[in-house]
Amino acid sequence: MDHAGRLHRLLSALQENHLDALFVTHLPNIRYLCGFTGSAAALLVADRGSILFTDGRYRTQAKQEVNADTAKIMIATKSPLLAAAEWLAEHRTRSIRTVGIESESITAAMRDRLASLLKGTGKVRLRSAPALVERARMVKDSDEIQRICRAVELGASLFRVARNKIRPGVREVEVAAAMEYEARRAGAEGMSFSTIIAAGARSAIVHGRASAARIPKRGFVVCDFGVILAGYCSDRTRTVHVGPPSSEARGLYKAVLEAQQAAIATVRPGVTAAEVDGAARSVLRRHKLARYFTHSTGHGLGLEIHEAPRLAAGQSQKLEPGMVITIEPGVYVPGKWGVRIEDVVVVTSSGCEVLSPTDKELVVI
């Protein structure tokens, strides 16, 4: 990973936004910039060099993960962010006057403490910074795309486990447990999120995490799952039907698949996130199902399962080559049933590529 290049580009972004330094506190952003994966850290980024503050638990790990040419490591005996502020208060130069903070990742109380620590340093001013690192993370480099591809391939293989396990009377959690066990056996660091297995009427619950409910003799089962591999996430949804599906059920599934295919066909550089969302909704509107589509069409993913951009109405972000996004329209009729189909795609110079494509015809169990 080109951590030095990422930090260099961030410094340029700080200058463009009239910031002299930045306290990076969102842990995925820290990992992106310097490679550190511990659970307690703050990264001070300034033109004089970057410093990673962490505590004694991570002394060895930090040395293993962070290149000395990328960031200096400081071991703190208190909150890493407070240690970073104290260090800046003591070592500040006249060139550092405005310091950015990632306001969404710290509390109001912590911001007050930082302001208090820096108050005696003269004219240092804290300012909420734009989402500079998150913007950079939207476009993945080749190393990141390779990692995501491997995560998607591993995650996709778990659907075979689900198909073999889903049977009437089996508990949803049993299906999820079998999938998660196989993921670990295959080398996954963990699941991207709590595995969703939602059967029968529960398939209408958008985030129906696997429960103790038993799979009914007939109905849809929504399977939404993903893994973390080498730090990067995958995300996939497939919907199967237990027992013979009615013509209405087949029609519902066909409409959702058509909506997903329309959205994927829209993905290319220069298209806005809202246009991709609109492509899926127009299909469902034609089938008189749009009111049952209650979430966005997709989202970015990478180090986190939900990243920018968000594919939804009103989102003006234009797609760029290297963006990795999900396409996941769904229809949910409360108390009756639900269907969702999801794939991960990477935006290319001329369109997009579906990662680990598979047949999406309705599977009947």
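Preceding this section is the structure that the text describes.
Before going into details, it helps to say that this report is about the structure given with it. (Residues numbered from 1 in each chain as written. Predicted model: local features only at pLDDT ≥ 70, side-chain atom pairs only at ≥ 80, totals over all residues. Heavy atoms only, no water.)

Taken in spatial order, the six strands line up as S4-S3-S2-S1-S5-S6 in an open sheet, and their pairing is mixed. The sheet is open, and its two borders are formed by strand S4 (72-76) and strand S6 (125-128), each paired with just one other strand. Neighbour-to-neighbour, the strand axes of this sheet turn through a mean angle of 25 degrees, independent of strand direction. As defined by bridge partners, strand S3 (residues 51-55) adjoins S4 across five bridges and the pair is classed as parallel. Paired with Ile 51 across the bridge in S4 is Lys 72. (Pairing = 2+ DSSP bridges. Helix = DSSP H or I, 4+ residues; strand = E, 2+ residues; numbered from the N terminus. Axes fitted to C-alpha atoms, helices over the stretch in contact; angles between N-to-C directions.)

Right, let's talk about the sheet that holds strand S8 (residues 196-199) for a bit. The strand order S8-S9-S12-S20 describes an open sheet built from four strands, whose pairing is mixed. The open sheet terminates on both sides in strands that have one partner only, identified here as S8 and strand S20 (363-364). Pairing geometry for strand S12 (residues 236-242) and S20, over two bridges, is parallel. Among the inter-strand pairings, His 241 is bridged to a residue of S20, identified as Val 364. Against the sheet, helix H8 (residues 172-185) touches S8 and strand S9 (219-225), its axis set at about 150 degrees to S8. Helix H9 (residues 247-266) rests against S9, S12 and S20 of the sheet, and its axis sits at about 25 degrees to S9. (Contact = heavy atoms within 4.5 Å.)

Mapped onto the elements of the fold, Ile 51 is located in strand S3. Expressed as a C-alpha distance, the spacing of Ile 51 and Trp 87, which sit 36 residues apart in the sequence, is 9.9 Å. Setting aside residues up to four positions removed in sequence, Ile 51 forms contacts with Ala 42, Leu 43, Leu 44, Lys 72, Met 74 and Trp 87.

By definition, a disulfide links the sulfur atoms of two cysteine residues through a covalent bond. One pass over the full model with this rule turns up zero disulfides. Distance from the sulfur of Cys 149, which forms no disulfide, to the nearest cysteine sulfur (Cys 352) is 13 Å. For Cys 149, a relative accessible area of 22% corresponds to the partly exposed category. (Disulfide = S-S within 2.5 Å. Buried < 20%, exposed > 50% of the residue type's maximum accessible area, 1.4 Å probe, protein only.)

Structurally, Gln 260 can be placed in helix H9. A polar contact is formed between the side chain of Gln 260 and the side chain of Asp 343, at a distance of 2.9 Å. What Gln 260 contacts, discounting residues up to four positions off in sequence, is Ile 327, Pro 329, Ile 341, Glu 342, Asp 343 and Lys 360. (Polar contact = N/O pair within 3.5 Å; in protein donor to acceptor, adjacent residues only side chain to side chain.)

Time to look at the side chain of Arg 137. Counting through the fold element by element, Arg 137 comes out in helix H6 (residues 132-138). Relative accessible area serves as the criterion here: at 3%, Arg 137 is assigned to the buried category. Engagement of the side chain of Arg 137 in a polar contact is seen with the side chain of Glu 304, the distance being 3.0 Å. When sequence neighbours within four positions are dropped, the list of residues in contact with Arg 137 reads His 26, Pro 28, Asn 29, Tyr 32, Leu 303, Glu 304 and Glu 307.

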